[in-house]
Amino acid sequence: MTGAGVSAESGVATFRDPGGLWEGRRPEEVATPEAFARDPHDVWRFYQHRRRALSACQPNAGHRALAALEKLAADFTLVTQNVDGLHRLAGSENVIELHGNIWIDRCSGANRPPGEPSCPERLLKPGDRGIDNPHCPVCGSMTRPGVVWFGEMLVPAVLEAADQAARSCQVMLVAGTSSVVQPAAGLSSLAAQHGAMVVEINPDHTPLSPLADLCLRGPSGVILPAIIEQMGQSQESH
Ligand code: NAD
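None of these values were measured; they are calculated from a predicted model.

Engineer: Explain the side chain of N60 here, please?
Structural biologist: Locating N60 in the fold gives a position in the loop between α3 (40-54) and α4 (61-72). Given a relative accessible area of 7%, N60 falls into the buried group. Separated by 2.8 Å, the side chain of N60 and the backbone oxygen of V6 make a polar contact. Side chain to side chain, N60 and S10 meet in a polar contact 3.0 Å long. If sequence neighbours within four positions are ignored, N60 has contacts with V6, S7, E9, S10 and G221.

In structure tokens form, the structure reads like this:
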């Protein structure tokens, strides 16, 4: 499982960085359904600014190591809280994006009659900001970024898939997360309860640290590649 820290070495600000993601804006001004209902264009200006900043960022050695691990391991699921799309860009395939993906334009459904099926989403290529005044081509409602906002529920099927992966894994690597945002933070305890070895990869202590079987202190861009290298060597020697 990964959080914002895994993208820090790609130049993406973490949530709690002083110069971070929400600089100059309070999250509830821009990342809530209420903010979107009040002023969708303001919310879109913020997200277009985020997309512009992200389009200059590339996956780092930590993202690449996780993509390599997926190929080495018999069964591997990457659960991420990140919305930046960098894991897929690095080559990870079995990715559960708990909080959505900033590169998705999704219909807000405001004009859609109740009971009508959802309109299709559009996944942009990183670097493509989409249109500036976005409306759904199917029903004409405004589109919104495909991320989970403050005060919104996670998509139940997405959370269920992450829950299932946590219950059934043998080892859970938890990299670059402060382990305070729920329900994501609860997944590591769930894995531990079901017998998994939990390994934290983070330069700092977090609420998960006392519960983890092992804490590897340092940047994920250094530690994750070192783990892959060790795995490669042990596979060669068998
Ligand atoms: P967080 O900002 O709360 O915590 C980041 C953690 O990463 C901290 O514990 C920090 O010590 C650690 N860290 C910093 N640099 C690191 C490095 N090089 N290697 C490993 N760890 C490092 O992040 P969170 O726990 O993911 O929660 C933030 C919330 O905000 C999430 O819900 C996420 O969706 C969202 N968010 C996403 C992004 C993104 O998509 N890249 C960025 C910021 C926030």
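Moving on from the coordinates now.
Engineer: Looking at this structure, how should I read the pattern of salt bridges?
Structural biologist: For side chains of opposite charge, pairing can occur when their charged atoms come near one another. Counting across every chain of the model gives 7 salt bridges. Between R167 and D163 there is a salt bridge; the shortest N-O distance is 3.0 Å. Pair noted here: R167 and D163 are both in helix α6 (residues 156-168), with a separation of 4 residues, about one helical turn. For R167, a relative accessible area of 37% puts it in the partly exposed group. Overall, D163 belongs to the buried group, its relative accessible area being 17%.

Engineer: How should the pairing of strand β7 (residues 197-201) be read in this particular structure?
Structural biologist: Where a strand is regular, its side chains alternate between the two sheet faces. By the criterion of burial, β7 is predominantly enclosed, with 4 of the 5 residues buried. The pairing of strand β6 (residues 171-175) with β7 spans 5 bridges and is classified as parallel. When the bridges of β7 are listed, V174 appears paired with E200. As defined by bridge partners, β7 adjoins strand β8 (residues 214-216) across 3 bridges and the pair is classed as parallel. By the bridge assignment, I201 is partnered in β8 with L216.

Engineer: I keep staring at α4 and nothing clicks. Help me out?
Structural biologist: Turn by turn, an α-helix covers 3.6 residues, leaving residues three or four places apart pointing in a common direction. Between its terminal C-alpha atoms α4 stretches 16 Å, which fits the 16 Å expected from 12 residues at 1.5 Å a residue. Restricting attention to buried positions, one finds in α4 the residues G62, H63, A65, L66, A67, L69 and E70. Next to the buried residues of α4 lie β1 (78-80), α5 (86-90), β6 and α8 (220-236).

Engineer: Looking at this structure, how should I read the packing of α6 against helix α7 (residues 184-193)?
Structural biologist: Helix packing for two helices is described by the angle between their axes and how far apart those axes are. Put simply, α6 and α7 touch, their axes get as near as 7 Å, and they point 35° apart. Handedness of the crossing formed by α6 with α7: right-handed. Contact with α6, carried on its side by A162, D163, A166 and R167, involves L187, L190 and A191 of α7 and no other residues of that element. A per-class count over the contact of α6 with α7 returns 5 nonpolar, no polar and 2 charged.

Engineer: Whenever I open this one, the sheet that holds strand β4 (residues 122-123) confuses me. Can you help?
Structural biologist: Strand pairing in a sheet takes place through backbone hydrogen bonds and is either antiparallel or parallel in direction. Judged by pairing direction, the sheet is antiparallel, and its 3 strands sit side by side in the order β4-β3-β5 without closing on themselves. A strand with exactly one partner marks an edge of an open sheet, and here the two such strands are β4 and β5 (143-147). Bridge count between strand β3 (residues 100-107) and β4: 2 bridges; the pairing is antiparallel. Bridge pairing in β4 links I104 to L123. Sheet strands in contact with α3 are β3 and β5, and its direction is about 140° off that of β3.

Calculation criteria
Residues numbered from 1 in each chain as written. Predicted model: local features only at pLDDT ≥ 70, side-chain atom pairs only at ≥ 80, totals over all residues. Heavy atoms only, no water. Helix = DSSP H or I, 4+ residues; strand = E, 2+ residues; numbered from the N terminus. Buried < 20%, exposed > 50% of the residue type's maximum accessible area, 1.4 Å probe, protein only. Polar contact = N/O pair within 3.5 Å; in protein donor to acceptor, adjacent residues only side chain to side chain. Contact = heavy atoms within 4.5 Å. Salt bridge = Lys/Arg side-chain N within 4 Å of Asp/Glu carboxyl O. Pairing = 2+ DSSP bridges. Expected span 1.5 Å × (residues − 1). Axes fitted to C-alpha atoms, helices over the stretch in contact; angles between N-to-C directions. Left-handed = near helix turned anticlockwise from the far one by under 90°. Nonpolar A, V, L, I, M, F, W, Y, C, P; charged D, E, K, R; others polar.

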